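Listed below, chain by chain, are the residues.
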Amino acid sequence: MEVSVVNQSKNELEIEIRGANETLLGPLMNHTLANSDVDYASYYMGHIVLDHPRFYVRTKKGTPKKAIKKAVEKIIADIRVISDEIA
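All of these numbers come straight from a predicted model, not from anything done at the bench. (Residues numbered from 1 in each chain as written. Predicted model: local features only at pLDDT ≥ 70, side-chain atom pairs only at ≥ 80, totals over all residues. Heavy atoms only, no water.)

## With respect to the pattern of salt bridges
Point 1. Enumeration over the complete set of coordinates arrives at four salt bridges.
Point 2. Of the charged contacts, one joins Arg-18 and Glu-16 as a salt bridge, the two residues approaching to 3.5 Å between their closest N and O atoms.
Point 3. Across the pair Arg-58 and Asp-39 runs a salt bridge whose closest N-O atoms are separated by 2.7 Å. Residue Arg-58 is located in strand S4 (residues 54-59), and its partner Asp-39 is located in strand S3 (residues 38-44); the two are separated by 19 residues in the primary sequence.
Point 4. Its relative accessible area of 40% is what places Asp-39 among the partly exposed residues.
Point 5. Sharing partners across several salt bridges, the network here consists of Glu-14, Glu-16, Arg-18 and Arg-54. (Salt bridge = Lys/Arg side-chain N within 4 Å of Asp/Glu carboxyl O. Helix = DSSP H or I, 4+ residues; strand = E, 2+ residues; numbered from the N terminus. Buried < 20%, exposed > 50% of the residue type's maximum accessible area, 1.4 Å probe, protein only.)

Written out as structure tokens, the structure reads:
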């Protein structure tokens, strides 16, 4: 998986995530939107062959990168709970 910044400003960030699909982007969007510092979060899959998925975040306060990192940490914590329960 490869991540590259497409557009970035103080409170907005758009990244391209090569190799991602809805299995990753859906939970990432949901956990990002659960953050009260986030104003908007969405992803765009585009054409299956021609485009790479993009993820967009706009924050009310704080940086978009921190909001994404916080969402990723929550996803990892959720996965650990599942892993511990089935172990």
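Let us keep going from here.
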